[in-house]
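# Summary of structural features
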Amino acid sequence: MQVLDGKTVAHAVKQEIKEKLINFKKNGGKTPHLAAVLVGNDGASETYVASKIKNCEEIGFKSTLIRFEENVGEDELLHTITVLNENVDIDGILVQLPLPKHIKEEKVINLINPDKDVDGFHPSNVGRLVQGLPAFIAATPYGIMLMLKHYQIETTGKHAVVIGRSNIVGRPMSILLSQNMPYGNCTVTLCHSKTKNLKAMCLQADIIVAALGKPEFLTGDMVKENAIVIDVGINRVKDDSKKKGYHLVGDVKYDEVAPKCSYISPVPGGVGLMTIAALLLNTFNASVRNRKLID
Ligand code: GUN
């Protein structure tokens, strides 16, 4: 069994970006600049955004964090997106989800300039992804693809079961794995909360991507020998023995599943780190694209 080590792969991706950035700047490119918008005080969202900002700093990107109170009006948020769209120094815009209930996420996402949509959530980027055209790809599925590539995992002809149909992970993941391209070419089954006999589906899978957000949902009896298991879950489980009051577990019961796998990604230390690396790559690519548009 080989552990898919997010730390190693994310480090390699970031090194590659750093090298590209040196060349880009030598050729007159400017420092890539990411704007992150955070609404409210959700602990997990705060942690994710802080990590995105910190990673920008580490890699040599500029970043701007724009924070709003939970009760910010939709119009004010939309106005901020318009201002960021028009600011030529900003290459990438991300609005951390989920947003409070009184704000329509769709409205906010749809307003982001698709050329700055480094989260790959805008319908234009999703449509381009579906058609196999160059697009910003949502950072988590993109990060998983980078991980498959790093370990040169053969996917062609394999049966992949993706559990979870979210716009952020499951659905784009199912499209990427089915595409006619390296680290695609799978036969994909997209499972969700209404799927009948999920266990039987999983037992047929060569590759399982668990992205449903339920702690330790995928158990040993649901996985066949030599399966490749990618755990997307980042669930906080109350734990008074920890300083923070919780510990993280994935959607996979690691101790049971890992011994059966050919490859498995751990939590923490797996896909989460890849999400950030993929976001940085999208931001760098946005900056390159932005420059071409300006020149
Ligand atoms: N919420 C959970 N995952 C993500 C992500 O990848 N991007 C944004 N913007 N919000 C999220």
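This text gives an overview of the structure that appears in the document. (Residues numbered from 1 in each chain as written. Predicted model: local features only at pLDDT ≥ 70, side-chain atom pairs only at ≥ 80, totals over all residues. Heavy atoms only, no water.)

### Looking at the sheet that holds strand 8 (residues 227-231)
Spatially, six strands are ordered 1-11-8-7-5-6 in an open sheet, and the strand pairing comes out parallel. Pairing within the sheet leaves two strands with one partner each, and these edge strands are strand 1 (2-3) and strand 6 (187-191). In this sheet, strand 7 (residues 207-210) lies alongside strand 5 (residues 159-163) in parallel orientation, the contact comprising four bridges. Counterpart to valine 162 in the pairing with strand 7 is valine 209. Those strands touched by helix 7 (residues 170-178) are strand 5, strand 6 and strand 7, and its axis lies near 170 degrees from that of strand 6. (Pairing = 2+ DSSP bridges. Helix = DSSP H or I, 4+ residues; strand = E, 2+ residues; numbered from the N terminus. Contact = heavy atoms within 4.5 Å. Axes fitted to C-alpha atoms, helices over the stretch in contact; angles between N-to-C directions.)

### Topic: the environment of asparagine 285
Secondary-structure assignment places asparagine 285 in helix 10 (residues 271-294). Note: C-alpha distance between asparagine 285 and leucine 203 (82 residues apart in sequence) is 38 Å.

### Regarding the layout of surface pockets
If a probe as big as a water molecule is rolled over the atoms, it shows which places are left empty. Approximately 850 Å³ is the volume found for the second largest pocket. Together, 32 residues line the second largest pocket, and Ala135, Ile137, Tyr142, Asn282 and Asn285 are the ones closest to its centre. Counting only elements with at least two residues in the lining of the second largest pocket, the list comes to helix 1 (6-26), helix 5 (123-130), helix 6 (139-150) and helix 10. Taken together, the residues of the lining of the second largest pocket break down into 19 nonpolar, seven polar and six charged. (1 Å grid on protein atoms, 1.4 Å probe; cavity = no way out; pocket = protein on both sides within 12 Å on 5 of 7 lines; lining within 4 Å. Points joined across faces, edges and corners; volume = space filled by probe spheres on them. Nonpolar A, V, L, I, M, F, W, Y, C, P; charged D, E, K, R; others polar.)

### Some points on the packing of aromatic side chains
Inspection of the entire model under this criterion finds one aromatic pair. Here phenylalanine 24 and phenylalanine 284 contribute two aromatic rings whose centre-to-centre distance is 5.5 Å and whose plane-to-plane angle is 75 degrees, an arrangement assigned as edge-to-face. Residue phenylalanine 24 is located in helix 1, and its partner phenylalanine 284 is located in helix 10; the two are separated by 260 residues in the primary sequence. Note on accessibility: phenylalanine 24 and phenylalanine 284 belong to one class, buried. (Phe/Tyr/Trp six-rings, centres within 6.5 Å; stacked < 30°, edge-to-face > 60°. Buried < 20%, exposed > 50% of the residue type's maximum accessible area, 1.4 Å probe, protein only.)

### What about the pairing of strand 4 (residues 92-95)?
By the alternation rule, side chains of strand 4 split into Gly92 and Leu94 and Ile93 and Val95, which are all buried. For strand 2 (residues 33-39) and strand 4, the ladder comprises four bridges, and the chain directions are parallel. Considered in strand 4, the bridge of leucine 34 is made with glycine 92.

### Notes on the site of the ligand
Taken together, Lys52, Val95, Gln96, Leu97, Asp119 and Phe121 are the residues near the ligand. One nitrogen or oxygen atom from the main chain of valine 95 is found 2.8 Å from a nitrogen atom belonging to the ligand. Glutamine 96 places a polar side-chain atom, nitrogen or oxygen, 3.3 Å from a nitrogen atom of the ligand. The class makeup of the residues in the shell around the ligand is three nonpolar, one polar and two charged. (Near = heavy atom within 4 Å. Polar contact = N/O pair within 3.5 Å; in protein donor to acceptor, adjacent residues only side chain to side chain.)

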